[in-house]
2 protein chains.
Amino acid sequence: MTDSSVHALMQEAGTKARAAARVLAKTPSTVKNLALVAIAQGLIERQPEILAANAKDVALAKEKGLAPAFVDRLTVTPKILAAMAQGARDIAALPDPIGEITEVRVRPNGMKIGRMRSPLGVLGMIYEARPNVTIDAAALAVKSGNAAILRGGSEAFETNRILGEIVIQSLAKTGIDPTADRDFVGAMIRAKGLIDVIIPRGGKSLIARLENESQIPMIHHLDGICHTYVDEDADLDMAVSVTDNAKTQRFSPCNAMENLLVHKDIAVAFLPRIAAIYADKGVEMRCDERALTLLTAAGFNVTPATEDDWDTEYNAPVIAIAVVDDIDAALDFIARHSSGHTDAIITNDIAKADRFMREVDSGSVMVNCSTRLADGFEYGLGAEIGISTGKLHARGPVGLEGLTNLKYVVFGSGQLRQ
Amino acid sequence: MTDSSVHALMQEAGTKARAAARVLAKTPSTVKNLALVAIAQGLIERQPEILAANAKDVALAKEKGLAPAFVDRLTVTPKILAAMAQGARDIAALPDPIGEITEVRVRPNGMKIGRMRSPLGVLGMIYEARPNVTIDAAALAVKSGNAAILRGGSEAFETNRILGEIVIQSLAKTGIDPTADRDFVGAMIRAKGLIDVIIPRGGKSLIARLENESQIPMIHHLDGICHTYVDEDADLDMAVSVTDNAKTQRFSPCNAMENLLVHKDIAVAFLPRIAAIYADKGVEMRCDERALTLLTAAGFNVTPATEDDWDTEYNAPVIAIAVVDDIDAALDFIARHSSGHTDAIITNDIAKADRFMREVDSGSVMVNCSTRLADGFEYGLGAEIGISTGKLHARGPVGLEGLTNLKYVVFGSGQLRQ
């Protein structure tokens, strides 16, 4: 497409979405929930069609020689489809956040002021070739009263075409437009006044590009460089099981631990125990000088860490390990290397737990549990649109609330400014 | 200065501010409050010096032929200085928002999750030649545990130099740097990773420029095109006094009403009454066809409104008036022309008040009171850094809370991801 036709398409989609946003903002819960249930039914009823369309996408992706992991994420199975349908039903069952009024106070002049939870308006969702995100994003947008422009990876085109039809038929008048194509991303991130927030989901290169180019605020997730600090006052058994889980329960998620920090006075007792587990599970250990000396002496096959290791999200069976002098050194290390996603301390000392909570500037700060628990479902949000590593608007796991804002509502009886 | 020296200065200021942010984030309330009281004392003790420096700035501004309103805002008097000092003391007296933990819930696995209010980090304040903003911004930043890079208008250079000294001496180690100069704005709005949020205060051209160019999220105020809709079920006397106050109590503030909408069935009773007041106070009335016909017949000297009038923030004794068929037409009008600042309805009908509250997408939505009341002090926030017309993070009047975020804090006892 030419630049001007992309621009025209964006204007049209944006204007339709802006109008749809006004309708959705006032749609009652029952209507939104019926639409979500209709989406779930549509997915089940049209299963053969969806699987056939998806097979075309998958065949093309294989023909192009795309990576097996990519093809894997693109593939829709009956089981995945059932999970997508259940996801839409689960979102229907959540409480409706819109219209809730909180913090109502009476001012001296008698006017009451409160805050009403409202939709953000038009969401711009940009994501890769994962068809389940199409349904997930549409369902969350509907429930939170937002219109959405969905731009899924072009490799999922045939699948998303059917999914888009199902959503549109289910919502009839909501204006969600899931048919935008690849050249559209550039137009979306410049569509000021048409889109209120860009929510990207995808690899680091996509996010980094959008972060540089977007003129619209984003709720986004950049890196997941998560730390666990094992304090001198940690329960040793707990430290071992938690740091095992944080690293090895799954290697690829963003909330898996990448850097393990250990207080110098507990290192001799702790490090050989966790190293035995990591060695057993095939986790490569990259160590600072003190950890290297200690673990080599204990007979482990470990390698020296480079400066880059402390800033690398491996998403793989690799861990970087450092021994630190005290909690101050741990906090300094985390301030330098954390990506602001999730960091944890293992300690039985209340004062140190308090300091860690207050001073670590990350979306999730944990005491005595696995970083793998930083997740919208584990937190009880009921849904998750992503995990934000930003510091404005929404931090950490983002559920429906992150797709809303609070406007002031003022109830007067003729009050004037004096 | 050359581009590279500006860049180096920004890097240095940003790195210092980032380090200061870590210190301020953990500074206890008592220490922050003592610093604020010291600022207040410094302003009073060094009054002669401040007034002398300000006299130089004012003389230079006059020499340059700057507008009287500009010179007026630049001028510091003993009374203004006393108000600045009192402002710092008032902020010291407010509750400290940082460290508060709310919404603590226990999850099925026994871990407790809550949300802790935390500083944003480094604020980038960009404002015009109003010396009082220097103290106001510094005081709000300190109280909310944020570091700040303050860039005041260059015309207030001498005044801000002294004020900066007072702040720095009062805070000693907090790293607030109020000495940045004019070329610095470009570097600030590109200082990703060094500044967390840009907060501009100033004229529309400044904000519009920053909105186009800033690569850092902003809390900002663009336009104040505020509406009052007088519904058919309004109390007539209240409608008259509120719309008088909203327009004429002061003309220049952003929360003054610019567009008055009137239901067709109350127009004959209402419009001549308010028009008599406006005519008396020298307010020029620009009317749509129906209002024009009605008011002309009633003997008033009114003019036709152009399309531009509905989108103009006059900040002057001018008002645009339209007659509408019903609340739907009023809501459509407001959706098209409101700047998302503050809009009000005058009605005694609960259902219409409810619809208006829910459907108007503005920072403040009011029933039965004057738009002039949309203000941090009137709302009881105790302080105001500005009024946001954005939809992410903070809406409406922004006090200390808008300079904070909520991070998740998780208290476990060894929980693992299953």
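Given the structure is predicted, the values throughout are model-derived calculations rather than measurements.

What counts and what doesn't
Residue positions are given per chain, counting from 1 as you read along its sequence in written order. All chains are assigned letters beginning with A, and all ligands numbers beginning with 1, in the order in which they are written. Residue-level local features of this predicted model are given only where pLDDT is at least 70; pairs of side-chain atoms are given and counted only at 80 or more, and the full residue set underlies all totals for whole chains, interfaces and linings. With hydrogens and water stripped out, all remaining heavy atoms of the structure feed into the side-chain values. A carboxyl oxygen of Asp or Glu within 4 Å of a side-chain nitrogen of Lys or Arg is what we treat as a salt bridge. With a 1.4 Å probe rolled over the protein chains alone, any residue whose accessible area is under 20% of its type maximum counts as buried; one over 50% counts as exposed, and the rest are partly exposed. Strands are runs of DSSP state E lasting at least 2 residues, helices are runs of H or I lasting at least 4, and numbering of each runs from the N terminus. Any two rings among Phe, Tyr and Trp, with Trp reduced to its six-membered ring, count as a pair given centres within 6.5 Å; such a pair is stacked if its planes are under 30 degrees apart, edge-to-face if over 60, and tilted if neither. Two strands form a pair only when DSSP identifies at least two bridges running between them. Contacts: residue pairs with any heavy atoms within 4.5 Å of one another. The term buried area denotes the loss of accessible surface (1.4 Å probe radius) that occurs when two parts are joined, taken as the sum for both partners. Within 3.5 Å is the distance limit for a polar contact, defined as a pair of N or O atoms, with the added protein rule that one can donate a hydrogen and the other accept it, and that residues adjacent in sequence qualify only through two side-chain atoms.

> How should the pattern of salt bridges be read in this particular structure?
Should their charged atoms come close, side chains of opposite charge can pair. Evaluation of the coordinates by the stated rule reveals 60 salt bridges over all chains. Taking the shortest distance from any N to any O, the salt bridge between A:D265 and A:K264 comes out at 3.8 Å. With relative accessibility at 56%, the residue A:D265 sits in the exposed group. The partner of B:D361 in a salt bridge is B:R395, with the nearest N and O atoms 3.0 Å apart. Here B:D361 is found in the loop between α14 (350–359) and β12 (364–369), whereas its partner B:R395 is found in the loop between β13 (386–388) and β14 (396–398), with 34 residues between them in sequence. Overlapping salt bridges, with partners in common, bring together A:R18, A:D196, B:D361, B:K391 and B:R395 in one network.

> What is the right way to read unusual backbone geometry from this model?
Leave glycine aside and you will find that most residues have negative phi; peptide bonds, for their part, are mostly trans. Residues and elements named next belong to chain A. If you check the backbone angles, E103 has positive phi at about 55° while not being a glycine. Residue position: E103 is located in strand β1 (residues 101–106). Its relative accessible area of 39% is what places E103 among the partly exposed residues.

> Where do I start with the packing of aromatic side chains in this structure?
Remark: the centre distance and the inter-plane angle together describe each pair of aromatic rings, the angle taken between the planes. Residue and element names in this part refer to chain A. With the rule as written, the count across this model stands at four aromatic pairs over all chains. An angle of 85° between the planes, with centres 5.3 Å apart, marks the rings of W310 and F333 as edge-to-face. Highlighted residues: W310 in the loop between β9 (303–304) and β10 (318–324) and F333 in helix α13 (residues 327–337), separated in sequence by 23 residues. On the basis of relative accessibility, which here comes to 8%, the residue F333 falls in the buried class.

> Which parts of the structure should I look at to understand the pairing of strand β5 (residues 197–201) of chain A?
Consecutive residues of a regular strand have side chains that alternate between opposite faces of the sheet. All names here are of chain A. Burial of β5 is extensive: four of the five residues sit out of reach of the surface. Direction of pairing for strand β3 (residues 122–127) relative to β5: parallel, over a ladder of five bridges. Paired with Y127 across the two strands is R201, which belongs to β5.

> Sorry, what's going on with the pairing of strand β2 (residues 112–119) of chain B here?
All names here are of chain B. Burial analysis of β2 places seven of its eight residues in the buried class, the great majority of the element. Two elements, strand β1 (residues 101–106) and β2, share four bridges in a ladder whose sense is antiparallel. Note on β2: the bridge partner recorded for T102 is R115. Following β1, the chain reverses through five residues before pairing antiparallel with β2; G110 in that reversal takes a positive phi of roughly 90°. Across eight bridges, the pairing between β2 and strand β15 (residues 404–415) is antiparallel.

> Sorry if this is basic, but what is going on with the interface of chain A and chain B here?
It is common to report an interface's size as the accessible area lost on association of the parts. Across the contact, 76 residues belong to chain A and 77 residues belong to chain B. Buried area between chain A and chain B, both sides added, is near 6,200 Å², and the carbon and sulfur share of it is 49%. Linking chain A with chain B are 12 salt bridges. Residue B:K26 pairs with A:E359 through a salt bridge whose shortest N-O separation is 3.6 Å. On inspection of chain A and its partner chain B, the count reaches 53 residue pairs in polar contact (both at pLDDT 80 or more). Per-element accounting of the side of chain A that touches chain B gives the leading share, 11 residues, to strand β15 (residues 404–415) of chain A. Here strand β12 (residues 364–369) of chain A runs beside β15(B); their pairing, made up of five bridges, is parallel.

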